Amino acid sequence: MTVDVSRGGLLVTLAIFGVIVYEMRTVLDFVGVELPIIPYMAAVFVLAGLSIWFVTLKGGWRTEPEGDEPA
């Protein structure tokens, strides 16, 4: 199994996921369930590190698009 992903795609995906989780935390805070921000931040960094490690382990980054040949 190879992972064909660009760094930009992975970083955008992680950013979107982080924003969604943060907004869920904000909604919970609004209804009265207060969650500390430090575990949230730690989880986001751990998720980013694991994702980068997994991509590197399974084949690395896609550096050049496939199928683009000069005319």
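Residues numbered from 1 in each chain as written. Predicted model: local features only at pLDDT ≥ 70, side-chain atom pairs only at ≥ 80, totals over all residues. Heavy atoms only, no water.

### A short note on the overall build of the protein chain
Phase 1 of the analysis: For the protein chain, the count of helices and strands is 2 helices and 0 strands.
Phase 2 of the analysis: Out of the 71 residues in the protein chain, the part that is buried amounts to 15%.
Phase 3 of the analysis: Considering only residue pairs separated by 6 or more positions, the protein chain has 68% of its internal contacts joining residues 24 or more positions apart.
Phase 4 of the analysis: Summed over all atoms, the accessible surface of the protein chain reaches about 5,800 Å², with 69% contributed by carbon and sulfur. (Helix = DSSP H or I, 4+ residues; strand = E, 2+ residues; numbered from the N terminus. Buried < 20%, exposed > 50% of the residue type's maximum accessible area, 1.4 Å probe, protein only. Contact = heavy atoms within 4.5 Å. Areas by Shrake-Rupley, 256 points an atom, 1.4 Å probe, with all protein chains shown as cover.)

### Focus: the UniProt feature "transmembrane region" (unreviewed entry) in the protein chain
Phase 1 of the analysis: Under the UniProt annotation, "transmembrane region" (unreviewed entry) lies at residues 7-25 and 37-55.
Phase 2 of the analysis: Secondary structure within residues 7-25 divides into 100% helix and 0% strand; the distance between the first and last C-alpha atoms comes to 27 Å.
Phase 3 of the analysis: Between the C-alpha atoms that bound residues 37-55 the distance is 27 Å, and the span itself is 100% helix and 0% strand. (UniProt positions renumbered as here; feature names shortened; annotations may be inferred.)

### Digging into helix 1 (residues 7-30)
Phase 1 of the analysis: Its 24 residues give helix 1 an end-to-end C-alpha distance of 35 Å, which sits within 8% of 34 Å, the value for a rise of 1.5 Å per residue.
Phase 2 of the analysis: The set of residues buried in helix 1 consists of Leu10, Leu14, Gly18 and Arg25.
Phase 3 of the analysis: In the core, the buried residues of helix 1 are packed alongside helix 2 (37-57).
Phase 4 of the analysis: Gly32 lies just past helix 1 and shows a positive phi near 115 degrees. (Expected span 1.5 Å × (residues − 1).)

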